[in-house]
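Each chain, letter by letter, is given below.
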Amino acid sequence: MSARVAMVTGVAGFVGSHLVERLLDEDYEVHGMDIADAATSHNLDDVRDREGFHYTRLDIRDAEAVRAWYRPEADVLFHLASIVGVRYYMEDPLALVDIVVGGTRNLLGLAAEHDTRLLFSSTSEIYGKNPAVPWAEDADRVLGPTSVDRWSYSSSKAVCEHMIYGMSRVKDLRFSIVRFFNVYGPRQNPIYVVSQSVYKALRGEPPLLYDTGQQTRCFTYVEDVIDGILAAATQPDALGEVFNLGNDRESTMAEAVAEVCKAAGIEAPPLVFDTEKEYGAVYEDIPRRIPGVEKARKVLGWQATTSLADGVRQTVEWAREHPWYLADRG
Ligand SMILES: NC(=O)c1ccc[n+]([C@@H]2O[C@H](COP(=O)([O-])OP(=O)(O)OC[C@H]3O[C@@H](n4cnc5c(N)ncnc54)[C@H](O)[C@@H]3O)[C@@H](O)[C@H]2O)c1
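Below is a summary of the structure that appears in this document. In this text, all values refer to a predicted model and were calculated from it rather than measured experimentally.

**Re the packing of helix H4 (residues 93-113) against helix H5 (residues 151-171)**
- Relative to each other, H4 and H5 sit at 15°, their axes nearing to 9 Å. What the angle tells us is that H4 and H5 run roughly parallel. As for the relative orientation of H4 and H5, their crossing is right-handed in sense. On the side of H4, the interface is formed by Leu96, Val97, Val100, Val101, Thr104, Arg105, Leu108, Gly109 and Ala112, while H5 contributes Ser152, Tyr153, Ser156, Lys157, Val159, Cys160, Met163, Ile164, Met167 and Lys171.
- A per-class count over the contact of H4 with H5 returns 12 nonpolar, 4 polar and 3 charged.

Dropping the structure here:
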């Protein structure tokens, strides 16, 4: 019998699938749930049959199903399930609120009732387009108008954070919040800068460069993020706190795409994707996105250590070895 028990929502996702591997390596008993079919979800190929892994397919919007799945004896609940990706929440604005806000709401009462420690995965989108980078965890949120769809994800995650802080005040909910900054690595859905470029480059297609490519991000390798998640979910000092989990090295989108092309051995220039033409006025980009990293360093003893070049190289190597990842996605 394992000593520790963890629940993971969104376990078949990119971050969830890396987290569950690490938890099993550390001898946790893991109860994972996701809306995805475990039998066909390649992200679970390496853990599906591992001892100590239990999978339940359910929709986090279904409060009764969530209650039935919940393990009161668990030491920690990692809440990762979410709609992720600008395209998805532009396509289905109601599902964004139902899944992110409603799904989180379904878990919070249970976590408080059973005194389970909660790790909530939030986002750097919380800070919006605040120009005063780097952003400390208590930096202001600067968002555009509600007519711009992009801000709905930031607002939905912020509502979750408000619910969590509120529940900690009135129900003594024990929690930590982590805000991820452009996580990338093996198995990521190929709709983000690095993963999409890897996917396209290895299929012999030119990668896309969004607009000028001069927007910056702090790309953070998934294994670094897993270290940060585990520290935030278990260390006593992290209770009741929120942490940025991001690399402090700022890169332009163009640099990231060039790094992928180098690792993949591609010389063709990227194609420019004009977001104004493709998405219209409901889209707005963020010019710079940089985490303040002092708090995570001080409290968690955590910092991202994988360089963009190393992380991209590992991602490209992994993709080369996994033909399912490079298959036509329609
Ligand atoms: N990857 C990043 O750069 C990044 C950045 C900021 C925040 N995050 C947050 O990290 C978490 C994990 O993100 P990810 O990159 O692994 O995304 P992902 O899309 O790979 O994983 C999300 C998982 O949630 C599941 N899910 C969606 N709707 C569901 C529902 N109704 N019921 C149950 N499960 C459902 C999906 O099937 C998927 O497996 C999310 O909460 C996301 O908001 C990620």
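Next, the rest of the story.
**Re the packing of aromatic side chains**
- The full count for this structure, using the stated rule, is 13 aromatic pairs.
- Ring plane angle 75° and centroid distance 5.1 Å describe the contact between tryptophan 318 and tyrosine 325, whose orientation is recorded as edge-to-face.
- Taking relative accessible area as the criterion, tryptophan 318 reaches 12% and is therefore assigned buried.
- Assessed through its relative accessible area of 2%, tyrosine 325 is described here as buried.
- Linked through ring pairs, Tyr199, Trp318, Trp324 and Tyr325 together constitute an aromatic cluster.
- Above the face of the tryptophan 151 ring, arginine 150 is positioned so that its terminal group lies 5.8 Å from the ring centre.

**Topic: the side chain of threonine 275**
- By secondary structure assignment, the location of threonine 275 is in helix H9 (residues 275-279).
- Within the local environment of threonine 275, its side chain forms a polar contact with the side chain of aspartate 211, the two groups lying 2.5 Å apart.

**Here we look at the site of the ligand**
- The ligand sits among 25 residues. The nearest are Phe14, Val15, Asp34, Leu80 and Tyr153.
- Within the contact set of the ligand, an oxygen atom lies 2.8 Å away from a backbone nitrogen or oxygen of valine 15.
- In the environment of the ligand, an oxygen atom lies 2.6 Å from a nitrogen or oxygen atom belonging to the side chain of tyrosine 153.
- Isolated, the ligand exposes 820 Å² of accessible area, and the fraction of that covered by the protein chains is 88%.
- Elements supplying a minimum of two residues to the shell around the ligand: helix H1 (14-25), strand S5 (117-123) and H5.
- Among the elements that take part in the shell around the ligand, S5 stands out by supplying 3 residues, more than any other.
- When the residues that make up the shell around the ligand are grouped by side-chain class, the tally is 13 nonpolar, 8 polar and 4 charged.

**Structural notes on unusual backbone geometry**
- The peptide bond linking valine 133 to proline 134 adopts the cis configuration, its omega dihedral lying at -5°.
- One can find proline 134 in the loop between S5 and H5.
- Even without being glycine, aspartate 115 reaches a positive phi, approximately 55°.
- Position of aspartate 115 among the secondary structure elements: in the loop between H4 and S5.

About the cut-offs
- Starting from 1, residues in each chain are numbered consecutively following that chain's sequence as written.
- The model is predicted, so local features are restricted to residues of pLDDT at least 70 and side-chain atom pairs to those at 80 or more, both for listing and for counting; the totals for chains, interfaces and linings are taken over all residues.
- Working from all heavy atoms in the structure, the side-chain values ignore hydrogens and water.
- Helix axes are fitted only over the stretch in contact, all axes being lines through C-alpha atoms; the angle between N-to-C directions runs from 0 to 180 degrees.
- What counts as a helix is a DSSP run of H or I of at least four residues, what counts as a strand is a run of E of at least two, and both are numbered from the N terminus.
- Angular relationships are summarised with four words: roughly parallel below 35 degrees, roughly antiparallel beyond 145, roughly perpendicular across 65 to 115, and oblique for the angles in between.
- For any helix crossing, the convention is left-handed if the near helix is rotated counterclockwise from the far helix by under a right angle, and right-handed if that rotation is clockwise.
- Only heavy atoms enter the contact rule, under which two residues are in contact if any of them lie within 4.5 Å.
- Just so you know the grouping, Ala, Val, Leu, Ile, Met, Phe, Trp, Tyr, Cys and Pro go in nonpolar, Asp, Glu, Lys and Arg go in charged, and all remaining residues, Gly too, go in polar.
- Only rings of Phe, Tyr and Trp enter the pairing, Trp through its six-membered ring, and a pair is recorded when the two centres are within 6.5 Å. The plane angle decides the type: under 30 degrees is stacked, over 60 is edge-to-face, the rest tilted.
- Using a 1.4 Å probe on the protein chains alone, a residue whose accessible area is under 20% of its type maximum counts as buried, one over 50% counts as exposed, and one in between counts as partly exposed.
- Whether a charge sits over a ring comes down to the Lys NZ or Arg CZ being within 6 Å of the ring centre and within 35 degrees of the ring normal.
- Under the rule applied, a polar contact is a pair of N or O atoms within 3.5 Å (in protein, one hydrogen donor and one hydrogen acceptor; residues adjacent in sequence only if both atoms are side-chain atoms).
- One heavy atom within 4 Å of a molecule or strand is enough for the residue carrying it to be called near that molecule or strand.
- Values of accessible area rely on a 1.4 Å probe in the Shrake-Rupley scheme; residue burial ignores everything except the protein chains shown.

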